[in-house]
Amino acid sequence: MKKCILALVCAIMIMPMNAKTLVAYFSATGTTKVAAEKLAAQHNARLWEIEPAEKYTAADLDWRNPQSRSSIEMNDPEERPMIKQCTDVTPYDTVYVGFPIWWGICPRIINSWLDNNEPQLQGKILIPFATSGSSGIEEAEAYLRKTYPSLNWQKGLLLNKR
Ligand SMILES: Cc1cc2nc3c(=O)[nH]c(=O)nc-3n(C[C@H](O)[C@H](O)[C@H](O)COP(=O)(O)O)c2cc1C
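Everything numeric in this text was worked out from a predicted model, so none of it was measured.

Calculation rules
- Residues numbered from 1 in each chain as written.
- Predicted model: local features only at pLDDT ≥ 70, side-chain atom pairs only at ≥ 80, totals over all residues.
- Helix = DSSP H or I, 4+ residues; strand = E, 2+ residues; numbered from the N terminus.
- Contact = placed C-beta atoms within 7 Å.
- Near = placed C-beta within 6 Å.
- Nonpolar A, V, L, I, M, F, W, Y, C, P; charged D, E, K, R; others polar.
- Core = buried A, V, L, I, M, F, W, Y, C linked by C-beta atoms within 7 Å.
- Buried ≥ 20, exposed ≤ 12 C-beta atoms within 10 Å, placed from the backbone.
- Pairing = 2+ DSSP bridges.
- Right-handed = clockwise from strand over helix to strand, strands pointing away.
- Arc of directions from axis to C-beta.

### A look at the overall build of the protein
Secondary structure summary: the protein contains 5 helices and 6 strands in total. If you list the helices and strands of the protein from N to C, you get α-β-α-β-α-β-α-β-α-β-β. When contacts within the protein are restricted to residue pairs at least 6 apart in sequence, those whose partners lie at least 24 apart make up 75%.

Following this line, the structure appears as structure tokens:
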């Protein structure tokens, strides 16, 4: 019995070390976070939250206000919001990249993250996933393929609650 428990504890400790899949996500209000957690559990993947250096407030997220932070960022394709902490993507073969759909595509912080990690992401399988109010992921997927053509993009997943 003791041996069984020891084996189980070892298996649990070793399991994350073997994980070759990373689920990296940005979530402003928690919906994509829940989807990312489920995805990571399904794939025995490491979970990584892409956090902005400065959190988005409710006012920042007001898409009806052309002067809100999100509107200013989305209006400028070159905008790259600062990220709190770097991610080491080197140990992974497959990387899921998750985000809420903003203005039909990914928030600019995803560009910040991809720009930072582009050299290390070469040759890895990249799978975008998103949550949204109603939009599909196709436009975001096309945008990512066009903006980062050297990366190996796979078909995206829209993980809205059904
Ligand atoms: C600035 C902003 C822009 C958005 N643009 C869209 C959009 O173009 N299409 C859509 O269906 N939903 C849009 N949404 C809704 C979010 O995609 C949706 O609520 C998402 O699930 C939020 O995920 P989160 O809680 O992880 O931040 C937008 C939300 C914000 C804050």
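### Section: the site of the ligand
Lining the immediate environment of the ligand, one finds 20 residues, of which Ser27, Thr29, Thr32, Pro100 and Gly133 sit closest. By residue number, the principal contributor to the shell around the ligand is helix α2 (residues 31-42), which donates 3 residues. The class makeup of the residues in the shell around the ligand is 7 nonpolar, 12 polar and 1 charged.

### Some details on the nonpolar core
One broad rule of soluble globular proteins: the nonpolar side chains tend to lie buried together. Core analysis: the biggest nonpolar cluster contains 33 residues, and Leu22, Val23, Ala24, Val95, Tyr96 and Ile110 have the highest contact counts within it. Every element with two or more residues in this core is listed here: β1 (21-25), α2, β3 (94-100), α4 (108-121), β4 (125-131) and α5 (138-147). Counting residues per element, this core draws most heavily on α4, which supplies 5 residues. Sequence-distant contacts of Leu22, defined by excluding residues within four places in its chain, comprise Ala45, Arg46, Trp48, Val89, Tyr92, Val95 and Tyr96.

### Here's the deal with the pairing of strand β2 (residues 46-49)
In terms of strand pairing, β1 meets β2 through 4 bridges, oriented parallel. Bridge assignment links Ala24 to a residue of β2, and that residue is Trp48. In the classification by handedness, the crossover that spans β1, the intervening α2 and the parallel β2 is right-handed.

### Description of the environment of Phe99
For Phe99, the position within the fold is in strand β3. Between the C-alpha atom of Phe99 and that of Thr31, which follows or precedes it by 68 residues, the distance is 9.2 Å. Filtering out sequence-adjacent residues up to four positions away, Phe99 remains in contact with Tyr25, Phe26, Thr32, Cys106, Pro107, Ile110 and Ala130.

### So, α5
Among all positions in α5, only Ala140, Glu141 and Leu144 are buried. Taken end-on, α5 shows its buried residues confined to a sector of 100 degrees, consistent with a single buried face. Along α5, the residues that are exposed and aim more than 90 degrees away from the buried face are Glu138 and Lys146. Buried residues along α5 sit in contact with β4 and β5 (152-153).

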